[in-house]
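# Survey of secondary and tertiary structure
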Amino acid sequence: MKPRLKVLWLQGVTCNGNTHSFLNYPHLLYVLETFEFLYHSLLPSTYTLEEISTCVHECDILIFEGAYDPRMERVGTSLETLVGHYGSHAKYVIAAGSCASFGGMFKHSDPEHITGLGFDEKEPKGPFASSPKLINLSGCPMHPEWMGYTLRMIADNKPIAVDELHRPKELYSYLAHHGCTRNEYFEWKVDSDHFGTKEGCLFYKQGCRGPMTHASCNKILWNDVSSKTRVGTPCFGCTEPDFPRINMFETKTNMSIPQDVPVGISKRSYLTMAGIAKSFHIPRLEKRLIDDDA
Ligand code: SF4
């Protein structure tokens, strides 16, 4: 039997959201059979955090959850020492979630010291800045299948192509807009006035960032069944380095023109196309999909 790869899951400044997300991974048993967790705060582990903090062990994969503050301590050992020791021996370093990837919401409490493992928003910074070992699984939280995919690729010794922000291309080349069930409403500029309804696009009135956000949430569904936009909540761009933005459920406009337009389209082209689409009147799209009174 092949020896199991050793995984160490450390936490920085975190709400534990990525741990909780990963516990929903449907193939968790496969993970536990394939990898040995040296330490994880909830999963069965070989060592205690006290034993890990002595820095006498080594891991193949370091997973880090939360924003990185080098001064923070775990059982008397600084994160700088822990991440430095385990990261230098590991073949892969995985940043789980947007805080570990880019600093996320916690970096705003101390922008001078708190970053992601390899980025401060878009700028390379932190202990793994520009390191080929680094794989960012951004998201608030990251999708459990994204971690599952990454671990499977490593276990199978397959290469993982990453984008300029070190996110796996297989997972982050898509936009959250891809596969959204509201695409037809987006095309014809039929907007939703409320959260939680089946009809309408959430781009103009609810701040949806789907067309600007690299994520496969509408391709690899959450719990195999759903996504934010499918239940009528806008995508708020949690996989991008500028997350969180202020007023996330608001579409910023200038004279009614959206400040941001879909990735890869010039504002002028987008507005021309939107103007033409809006001039059509399609009664089918303006009605409730399911008439509750019928
Ligand atoms: S709700 Fe968002 S993701 Fe869906 S079609 Fe509209 S803009 Fe795109």
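Note that the structure is predicted; figures quoted are calculated from it, not measured.

Moving on to the sheet that holds strand E6 (residues 92-96). The parallel open sheet is built from five strands, whose spatial order is E2-E1-E3-E6-E9. Edge positions in the sheet fall to strand E2 (35-39) and strand E9 (134-137), since each has one partner strand and no second. Going across the sheet, the axis of each strand differs from the next one's by a mean of 25 degrees, ignoring polarity. In this structure, E6 lies alongside E9, joined through four bridges in parallel fashion. When the sheet's bridge partners are listed, Val93 is paired in E9 with Leu134.

Using the criterion set out here, one finds 13 salt bridges in the structure. Asp120 serves as the salt-bridge partner of Lys125, at 3.9 Å between the closest nitrogen and oxygen. Its relative accessible area of 35% is what places Lys125 among the partly exposed residues. The class of Asp120 is buried, set by a relative accessible area of 14%. Between Glu184 and Arg284 there is a salt bridge, and its shortest N-O distance comes to 2.6 Å. Pair noted here: Glu184 is in helix H8 (residues 183-187) and Arg284 is in helix H10 (residues 283-286), with a separation of 100 residues, a long-range link. Owing to a relative accessible area of 52%, Arg284 belongs among the exposed residues under this scheme. Shared partners join several salt bridges into a network, and the residues in it are Asp69, Arg71 and Asp110.

Taken domain by domain, the protein chain holds domain 1 (5-172) and domain 2 (174-280). The straight-line distance from the C-alpha centre of domain 1 to that of domain 2 is 29 Å. Contact with domain 1, which involves 23 residues of that partner, is made by 18 residues of domain 2. Together domain 1 and domain 2 conceal approximately 1,500 Å² of surface at their shared face, both sides included; 60% is due to carbon and sulfur atoms. The largest per-residue losses of area from domain 1 upon contact with domain 2 belong to His143, Trp146 and Tyr172, which jointly make up 29% of the total buried on that side. Summed over the shared surface of domain 1 and domain 2, the result is one salt bridge. Across the salt bridge formed by Glu240 and Arg167, the nearest N and O atoms sit 3.6 Å from each other. Those elements that provide at least two residues to the side of domain 1 that touches domain 2 are helix H5 (98-102), helix H6 (144-155) and helix H7 (169-172).

A separate point is unusual backbone geometry. Excluding glycine, residues mostly carry a negative phi; peptide bonds, for their part, are mostly trans. Between Cys140 and the following residue, Pro141, the backbone shows a cis peptide bond with an omega angle of 0 degrees. Relative to the helices and strands, Pro141 resides in the loop between E9 and H6. In the Ramachandran plot, Val75 falls in the positive-phi region, its phi being about 45 degrees despite a non-glycine side chain. Turning to its location among the elements, Val75 is positioned in the loop between strand E4 (73-74) and strand E5 (77-78). A relative accessible area of 42% means that Val75 is categorised as partly exposed. With a phi angle near 65 degrees, Ser130 is a residue other than glycine that sits in the positive phi range.

The next thing to look at is the pairing of strand E1 (residues 5-11). Of all seven residues that make up E1, five are buried, and the element is covered over most of its length. With four bridges joining them, E1 and E2 adopt parallel strand pairing. Bridging from a neighbouring strand, Leu5 pairs with Phe35 of E2. Pairing analysis gives five bridges linking E1 to strand E3 (residues 61-65), with the strands arranged parallel. Bridged to Gln11 within E3 is Glu65.

Calculation criteria
Residues numbered from 1 in each chain as written. Predicted model: local features only at pLDDT ≥ 70, side-chain atom pairs only at ≥ 80, totals over all residues. Heavy atoms only, no water. Pairing = 2+ DSSP bridges. Helix = DSSP H or I, 4+ residues; strand = E, 2+ residues; numbered from the N terminus. Axes fitted to C-alpha atoms, helices over the stretch in contact; angles between N-to-C directions. Salt bridge = Lys/Arg side-chain N within 4 Å of Asp/Glu carboxyl O. Buried < 20%, exposed > 50% of the residue type's maximum accessible area, 1.4 Å probe, protein only. Domains from an automatic or database assignment. Contact = heavy atoms within 4.5 Å. Buried area = accessible area lost by both parts, 1.4 Å probe.

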